[in-house]
Amino acid sequence: MNLHRYFPHTPEDVEAMLKACNASSLEDLYRDVPPQLRLKDGYSLPEAMSEKEIRDFFKSLEDKDRNLVCFAGAGFYHHCTPAVISALLSRSEYLTAYTPYQPEISQGTLQYIFEYQSMMASLTGLDVSNASMYDGATATAEAMMMAVAASRKRSRVLVSATVNPAVRTVAATYARYHKICLDSIPATEDGITDLEAMYAMLDGGDVAGVILPSPNYYGIIEDFTGVADRIHAAKALMIMNCKASSLAVLRTPGEWGADIAAGDAQSLGMPLNFGGPYLGFLCSTEALMRKMPGRIVGATVDSRGQRVFVLTLQAREQHIRRGKATSNICSNQGLMALHVAIYLSLMGPQGMREVNNIGCAGAHALAGRLCATGKMSLKYPSSPFLDEFALHTDLDIDALIGRCASEGILAGVKADSHTLLVAVTEMQTQADMDRFVGIVENFEQP
């Protein structure tokens, strides 16, 4: 009996392949590999376990994890994931059907991508959405490259210093290898983009695009009234890096006059899950549709007049020459886009507003109570925020985060040695906030 039943090659197959390689044996095939790099003993595998033993083993690993109440944000947020989403995602027709090359048998997959794109276009106030990017940072980097491609002769892009530093770092990596000059717009003392400095940089006449945040890294809601006109007058494109869930209550990129919106859709009910998988959304005006990577699904009618869905502008995936393809993100386009489509369908506009209202009320209440301890203060007191805020403190932030963690609270994100970012969603209770405030009140420097 063949003990390696999952290996498809018979001894005859192996012999034929060796002959094609002009090798007499497997040892001869690997003769160029230094002996010291070859495995000499068997694999170090544990003894076989019964099903119960395996379950007990992984349960013991799970028990080592600590579930903390999460007040951390900085780009990724703890929101409720309705149970129906996981139930639908696990169905075989969705779990295995994320590459719809044959529209005749992929109507379900094509429809939910179409619905996802429709809802994201509505959420951003723009004409077109793709499906989709791996995360918000790479989506923003792709938006940067779209701006350069659209300008053709310009290769300079400006990015606000108030954009999440992780996003700026990823964009800088993309810029480096695509010969794009990525310059930083400074921030004001109020933690917002220095628009006068940006206008001066635009006057150089060599800018392809400008990346601005909504909200920014510090949770601040910036005012971009009239900014799009100035950017467009300089023949550049306006790109907005957005937190997806906040677009349900804040002015949309389309309303600001932006050309492209990009960001992470994790806030639309995706579990934090140790960093992923997440979903980067990318929306634009119709004029830029051909510069956009990722799939676009369209609705049409068949020969019988029935509504059907098809891949539109699909010559950007695996079925094009590698040198001309602009994306290769199939599994993300399927399952994660479906996740967001289900979440937005369940929540609806009213549900999205309620989630934001709960987070906003909780954040403002918690900020006031933490400042009342006398050990913290709002870093930018004159700047409005939605559900995330920056605190200035002289406390040892690392020690404070450690102390909170020991009592079941993930206190926030350390932005610098004196700044703590705190976020509130619908998931934290009043009792959770009481505990957080109590820890800060009683905290003593180590």
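A quick note: this is a predicted structure, and the numbers were derived from the prediction, not measured. (Residues numbered from 1 in each chain as written. Predicted model: local features only at pLDDT ≥ 70, side-chain atom pairs only at ≥ 80, totals over all residues. Heavy atoms only, no water.)

> If you had to explain the overall build of the protein chain to someone new, which residues and values would you point to?
Regarding its fold elements, the protein chain presents 14 helices and 15 strands. For the protein chain, the spread of C-alpha atoms along the three principal axes comes to 75 × 55 × 50 Å. Relative to its full complement of 446 residues, the protein chain shows a buried share of 46%. The long-range fraction of contacts in the protein chain, counting pairs at least 24 apart against all pairs at least 6 apart in sequence, stands at 69%. Approximately 23,100 Å² of the protein chain is accessible, and the part contributed by carbon and sulfur atoms is 55%. Side chains of the protein chain carry 38 positive and 49 negative charges; the gap between the two charge centres is 7 Å. (Helix = DSSP H or I, 4+ residues; strand = E, 2+ residues; numbered from the N terminus. Buried < 20%, exposed > 50% of the residue type's maximum accessible area, 1.4 Å probe, protein only. Contact = heavy atoms within 4.5 Å. Areas by Shrake-Rupley, 256 points an atom, 1.4 Å probe, with all protein chains shown as cover. Lys, Arg positive; Asp, Glu negative; His and termini not counted. Charge placed at Lys NZ, Arg CZ, Asp CG, Glu CD.)

> Break down the pattern of salt bridges for me, citing the residues and quoting the values.
What the rule picks out here adds up to 14 salt bridges. Where Asp28 meets Arg31, a salt bridge forms, and the shortest distance between an N and an O atom there is 2.7 Å. Overlapping salt bridges bring together Arg156, Asp183 and Asp206 as one network. (Salt bridge = Lys/Arg side-chain N within 4 Å of Asp/Glu carboxyl O.)

> A description of the side chain of Thr419 should follow, citing residues and the corresponding values.
Turning to its location among the elements, Thr419 is positioned in strand 15 (residues 419-423). Under the relative-accessibility criterion, Thr419 is labelled buried at 1%. At a separation of 2.8 Å, a polar atom in the side chain of Thr419 contacts the side chain of Lys379. Within polar-contact distance, the side chain of Thr419 engages the side chain of Asp416 at 2.9 Å. Excluding its chain neighbours within four sequence positions, the residues that come into contact with Thr419 are Lys379, Ala390, Leu391, Ile397, Val413 and Lys414. (Polar contact = N/O pair within 3.5 Å; in protein donor to acceptor, adjacent residues only side chain to side chain.)

> Help me get a handle on the packing of helix 13 (residues 397-406) against helix 14 (residues 430-442), residues and values and all.
With their axes 10 Å apart at the nearest point, helix 13 and helix 14 run at an angle of 130° to one another. Relative to helix 14, helix 13 is oriented oblique. The chirality of how helix 13 crosses helix 14 is right-handed. Between helix 13 and helix 14, the contacting residues are Leu400, Arg403 and Cys404 on the first element and Phe436, Ile439, Val440 and Asn442 on the second. Of the residues assigned to the contact of helix 13 with helix 14, the class counts are five nonpolar, one polar and one charged. (Axes fitted to C-alpha atoms, helices over the stretch in contact; angles between N-to-C directions. Parallel < 35°, antiparallel > 145°, perpendicular 65-115°, else oblique. Left-handed = near helix turned anticlockwise from the far one by under 90°. Nonpolar A, V, L, I, M, F, W, Y, C, P; charged D, E, K, R; others polar.)

> Let's hear about the state of the cysteines: which residues, and what values?
Under the defined criterion, the tally for this structure stands at zero disulfides. For the unlinked cysteine Cys404, the closest cysteine sulfur is that of Cys70, found at 12 Å. (Disulfide = S-S within 2.5 Å.)

> Report on the packing of aromatic side chains, specifying residues and quantitative values.
Considering all chains together, one arrives at eight aromatic pairs under this definition. Note on Phe76 and Tyr278: the rings are 4.9 Å apart at their centroids and 25° apart in plane angle, and the pair reads as stacked. Taken together, the positions of Phe76 in the loop between strand 1 (69-70) and helix 4 (83-89) and Tyr278 in the loop between strand 7 (260-264) and strand 8 (280-284) put the pair 202 residues apart, joining distant regions of the chain. On the basis of relative accessible area, Tyr278 is assigned to the buried category, the value being 8%. Each ring, one from Tyr217 and one from Tyr218, has its centre 5.3 Å from the other, and the planes form 65°; the classification is edge-to-face. Note on accessibility: Tyr217 and Tyr218 belong to one class, buried. Among the aromatic side chains, those forming a connected cluster through ring pairs are Tyr217, Tyr218 and Tyr380. Between Arg230 and the ring centre of Tyr199, over which it is positioned, the NZ or CZ distance is 3.9 Å. Lying across the ring of Trp256, Arg251 places its NZ or CZ 4.4 Å from the centre. (Phe/Tyr/Trp six-rings, centres within 6.5 Å; stacked < 30°, edge-to-face > 60°. Lys NZ or Arg CZ within 6 Å of the ring centre and 35° of its normal.)

> Got a sec to walk through the packing of helix 7 (residues 136-151) against helix 8 (residues 165-177)? Specific residues and values, please.
Pairs of packed helices are described in terms of their axes, by the angle between the two and the distance that separates them. Contact geometry of helix 7 with helix 8 gives a least axis separation of 8 Å together with a crossing angle of 45°. Compared by their axis directions, helix 7 and helix 8 come out oblique. The handedness of the crossing between helix 7 and helix 8 comes out as right-handed. Contacts between helix 7 and helix 8 pair Ala137, Thr138, Thr140, Ala141, Glu142, Met144 and Met145 from the former with Val167, Val170, Ala171, Tyr174 and Ala175 from the latter.

> Could you give an account of the sheet that holds strand 7, with specific residues and numbers?
Within a sheet, adjacent strands bond to each other through the backbone by hydrogen bonds, running parallel or antiparallel. One open sheet accounts for seven strands, arranged 2-8-7-6-5-3-4; its pairing is mixed. Two strands in the sheet have a free side with no partner beyond their single neighbour: strand 2 (128-129) and strand 4 (181-185). In this structure, strand 3 (residues 156-160) lies alongside strand 4, joined through five bridges in parallel fashion. Bridged to Ser160 within strand 4 is Ile185. Helix 6 (residues 107-124) rests against strand 2, strand 7 and strand 8 of the sheet, and its axis sits at about 70° to strand 8. Lying over the sheet, helix 9 (residues 195-202) contacts strand 3, strand 4 and strand 5 (207-214), oriented at roughly 165° with respect to strand 5. (Pairing = 2+ DSSP bridges.)

> Please give an account of helix 9 that cites residues and values.
One turn of an α-helix holds 3.6 residues; hence residues three or four places apart share an orientation. Within helix 9, burial applies to Ala197, Met198, Tyr199, Met201 and Leu202. Against the buried residues of helix 9 lie strand 3, strand 4, strand 5 and helix 10 (227-233). The opening residue of helix 9, the one whose side-chain oxygen lies 3.3 Å from the backbone nitrogen of Glu196, is Asp194.

> Talk me through the pairing of strand 3; I want residue IDs and the actual numbers.
Burial analysis of strand 3 places five of its five residues in the buried class, the great majority of the element. In terms of handedness, the path from strand 3 via helix 8 over to strand 4 forms a crossover that is right-handed. With four bridges connecting them, strand 3 and strand 5 associate as parallel partners. Bridge pairing in strand 5 places Leu158 opposite Val210. (Right-handed = clockwise from strand over helix to strand, strands pointing away.)

> Explain the sheet that holds strand 12 (residues 388-392) to me, using residue names and the numbers behind them.
Read from one edge of the open sheet, four strands run 11-12-15-14, paired in antiparallel fashion. Where the open sheet ends on each side, the last strands, each with one partner, are strand 11 (377-378) and strand 14 (413-416). Of the strand pairs in this sheet, strand 14 and strand 15 are connected by three bridges, and their pairing is antiparallel. Paired with Val413 across the bridge in strand 15 is Leu421.

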